[in-house]
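A look at the structure
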Amino acid sequence: MPNRKAVMELFLVSALGLFAELVFIRWVASELRVVAFYKNLSLLGAYLGLGLGFAWHRRKPDARWFENVYFPLLAAVVLVFLIIGRTPLGEIVLLNPANNQEYVWAGTVQALAPWIQIMLQVFLYVFLFGLFAVLAALFVLLGHLTASRFTPFRPLAGYTVNVAGSLFGILVYAAISYLGWPPAAWFLLSGLAGVYFLPRAPGRKFLLYSALAAAPVLLTLLWPTGFARTVWSPYYRIDINPVYAPANPRLLLGYDLSVNQAWHQRLTNLDPAFVAANYSAAPEFFDSMRAEYDTPYRPRGA
């Protein structure tokens, strides 16, 4: 009969696996606009990685992949995703293919020479494949660690603990999503759970990997999103930017709201008294907003 420590470790690593899967499914889609339209990319990468980790544990049961590779790889992946997602580089890397049936998630390439369009599209799909590969690699390490904690158990008992831990990880993530906690909190919880499985012996290696575990927390917490305000709803990243009058930067006209970095709507103050008092500061803006607002109410053919 496995001892309590074995039960706790299998439960914890199972919870970590599902929690981390949900984190990456949501977080990558919120940072890279293209992935918001191909969200299964992260899901399939996690599934494939966990499965491969279990399979490779049978061939290399004594490997210390998680202890030696997971946190360095995690820190590198988060840093690269933020460089692409929170800098102008993302608009170059993730250019939209010249296909008018696909949603424009970044700039378009129609105005460029055909050979440049082809190269950019090839680069886009190479990038997506690379993203899929590194996500799968992260979950290979988690899968291998999970499989190692199955060793003391009979199959039915082991899977019972595994399923219970997985459900717990899902519930924890659902709770913090409901509360609107930001990605820094997601990475903090998953980092604390992962550090538990590092070797207990104090030393430079433990301190280094603990620091790398904290890197995603600090990066997502301190790196500005580029918007005046970012809110994490239970489902989406919502960015809000104020819109000011061109002739008077202190005059607030409304707000632009985007969801997972895709523009969603604009909230504009079209109160007649406000427009009359401030029309001279943004005449084109008020005229275009008024025209858009009135369009559904105009008689057909008017």
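Cut-offs used in this document
- Residues numbered from 1 in each chain as written.
- Predicted model: local features only at pLDDT ≥ 70, side-chain atom pairs only at ≥ 80, totals over all residues.
- Heavy atoms only, no water.
- 1 Å grid on protein atoms, 1.4 Å probe; cavity = no way out; pocket = protein on both sides within 12 Å on 5 of 7 lines; lining within 4 Å.
- Points joined across faces, edges and corners; volume = space filled by probe spheres on them.
- Helix = DSSP H or I, 4+ residues; strand = E, 2+ residues; numbered from the N terminus.
- Salt bridge = Lys/Arg side-chain N within 4 Å of Asp/Glu carboxyl O.
- Buried < 20%, exposed > 50% of the residue type's maximum accessible area, 1.4 Å probe, protein only.
- Patch = residues over 30% accessible without salt bridge, like charges linked within 9 Å, V, L, I, M, F, W, Y side chains within 5 Å.
- Areas by Shrake-Rupley, 256 points an atom, 1.4 Å probe, with all protein chains shown as cover.
- Pairing = 2+ DSSP bridges.
- Nonpolar A, V, L, I, M, F, W, Y, C, P; charged D, E, K, R; others polar.
- Core = buried A, V, L, I, M, F, W, Y, C linked by side-chain atoms within 4.5 Å.
- Contact = heavy atoms within 4.5 Å.

Let's shift gears to empty space enclosed by the protein. Applying the stated criterion across every chain, the model contains one cavity of 30 Å³ or more. Reported here for the largest cavity is a volume of approximately 30 Å³. Forming the walls of the largest cavity are Ala 20, Val 23, Phe 24, Tyr 70, Leu 74, Phe 187 and Ser 190. Looking at the lining of the largest cavity, the elements that each hand over two or more residues are helix 1 (4–31), helix 4 (65–85) and helix 8 (183–195). With three residues, helix 1 is the largest single contributor of residues to the lining of the largest cavity.

Once that is clear, we can look at the pattern of salt bridges. Within the structure shown, the criterion is met by seven salt bridges. Here Arg 86 ties to Glu 31 by a salt bridge, and the two come within 2.6 Å at their closest N and O atoms. Taken together, the positions of Arg 86 in the loop between helix 4 and helix 5 (89–93) and Glu 31 in helix 1 put the pair 55 residues apart, joining distant regions of the chain. Glu 31 matches Arg 86 in its accessibility class, with the two residues each being buried.

All right, on to a nonpolar patch on the surface then. Residues Tyr 178, Leu 179, Trp 181 and Leu 189 make up a contiguous nonpolar surface patch of about 460 Å² in total accessible area. On the secondary structure map, Trp 181 appears in the loop between helix 7 (155–178) and helix 8. Taking the relative accessible area as the measure of exposure, Trp 181 reaches 38% and is therefore partly exposed.

Moving on, we get to the pairing of strand 3 (residues 248–259). As judged from the eight bridges shared by strand 2 (residues 237–245) and strand 3, these two strands associate in the antiparallel manner. Opposite Tyr 244, over in strand 3, you have Leu 252 as the bridge partner. Between strand 2 and strand 3, which pair antiparallel in sequence order, lie two residues. Pairing geometry for strand 3 and strand 4 (residues 262–268), over six bridges, is antiparallel. Bridging across to strand 4, Ser 258 finds its partner in Trp 263. Hairpin connection between strand 3 and strand 4: a loop of two residues separates the two successive antiparallel strands, and Asn 260 in this loop has a positive phi of roughly 50°.

Quick look at unusual backbone geometry now. Phi at Asn 260 takes a positive value of approximately 50°, unusual for a residue other than glycine. Along the polypeptide, Asn 260 turns up in the loop between strand 3 and strand 4. A positive phi angle is found at Gln 261, which is not glycine, with a value near 70°.

Before going further, it helps to examine the layout of surface pockets. Taken as a whole, the largest pocket spans an internal volume of roughly 240 Å³. Along the walls of the largest pocket sit 17 residues, with Arg 64, Glu 67, Leu 145, Arg 149 and Phe 197 positioned nearest its centre. Every element with two or more residues in the lining of the largest pocket is listed here: helix 1, helix 4 and helix 6 (114–148). Here the residues of the lining of the largest pocket are counted per class, giving nine nonpolar, two polar and six charged.

It is worth spelling out the nonpolar core at this point. The biggest cluster of nonpolar side chains holds 53 residues, and the ones touching the most others in it are Phe 24, Trp 27 and Leu 131. Excluding residues within four positions of it along the chain, Leu 131 makes contact with Val 28, Leu 32, Val 35, Leu 41 and Phe 81. Core analysis: the next-biggest nonpolar cluster, separate from the first, contains twelve residues, Ala 245, Leu 253, Val 275 and Phe 286 among them.

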